[in-house]
Every structure is written in structure tokens, then in C-alpha cells.
Amino acid sequence: MDAHRFDESIGGGRYTVEVTPAHGNRWRASLLRGADVPSAVMPFYGDTPRAALEALVGWLSQAHGASADSEKAATG
């Protein structure tokens, strides 16, 4: 299996993303947690490993931004 791993810094956190081949010419990106255990975050797909990675990173960055905004509103 051609797995690609990327270390990303998103919203102040460090993440390891693994991208693996999926059905056909598609690639699946998912977060890794601990000793190669996939996280509960849904996978993201793309036509290339980089496209799948960017889809996951974009979503996670947006989620961190929304979380930071709601924390600011709560502490007002």
C-alpha cells in the first residue's frame, strides 16, 4: 500500500495525516492518533494525495476557527 504521511500544524495543534489509496484513482486522508490508530474524524477524499490532504486540513482549520470564535463569544 502506498501510504503518505504528513505532519501538519493546525490551530496550534500538531497532527499526523495519513493518505492512502481508495477506490479507483481516489485517495483518502485521515488523521492518525497514537500508534498508527486512525482517529474518529471522517476521512476526506481527493484525486491526488495532496488534494485529499488539503481537503482534510482545510476542514480542520475551519473547525479550529469556528471553535476559537465560539470560545471568544462565550468569554465575551
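Just so it is clear, the structure is predicted and the values come from calculations on it, not from any experiment.

Enquirer: Can you walk me through the overall build of the protein chain in this structure?
Expert: Broken down by element type, the protein chain carries one helix and five strands. The linear arrangement of helices and strands in the protein chain, starting from the amino end, is β-β-β-β-β-α. Per-residue burial for the protein chain yields a buried fraction of 29% across its 76 residues. Nonlocal contacts in the protein chain, meaning residues at least 24 apart in sequence, comprise 26% of its contacts between residues at least 6 apart. Surface summary for the protein chain: the accessible area is close to 5000 Å², and the carbon and sulfur share equals 52%.

Enquirer: Which parts of the structure should I look at to understand the pattern of salt bridges?
Expert: Note on pairing: side chains with opposite charge can pair once their charged atoms come close. Tallying each qualifying case throughout the model produces two salt bridges. In this structure, the salt-bridge partner of R5 is E18, at a minimum N-O distance of 3.0 Å. Pair noted here: R5 is in strand β1 (residues 4-10) and E18 is in strand β2 (residues 13-21), with a separation of 13 residues, a long-range link. Residue classification places R5 among the partly exposed residues on the basis of a relative accessible area of 45%. Using a relative accessible area of 17% as the deciding quantity, one classes E18 as buried. Among the salt bridges present, the one from R26 reaches D47, with a minimum N-O distance of 2.9 Å.

Conventions and cut-offs
- Residues numbered from 1 in each chain as written.
- Predicted model: local features only at pLDDT ≥ 70, side-chain atom pairs only at ≥ 80, totals over all residues.
- Heavy atoms only, no water.
- Helix = DSSP H or I, 4+ residues; strand = E, 2+ residues; numbered from the N terminus.
- Buried < 20%, exposed > 50% of the residue type's maximum accessible area, 1.4 Å probe, protein only.
- Contact = heavy atoms within 4.5 Å.
- Areas by Shrake-Rupley, 256 points an atom, 1.4 Å probe, with all protein chains shown as cover.
- Salt bridge = Lys/Arg side-chain N within 4 Å of Asp/Glu carboxyl O.

Read these as layout, nothing more, since geometry by itself doesn't imply function.
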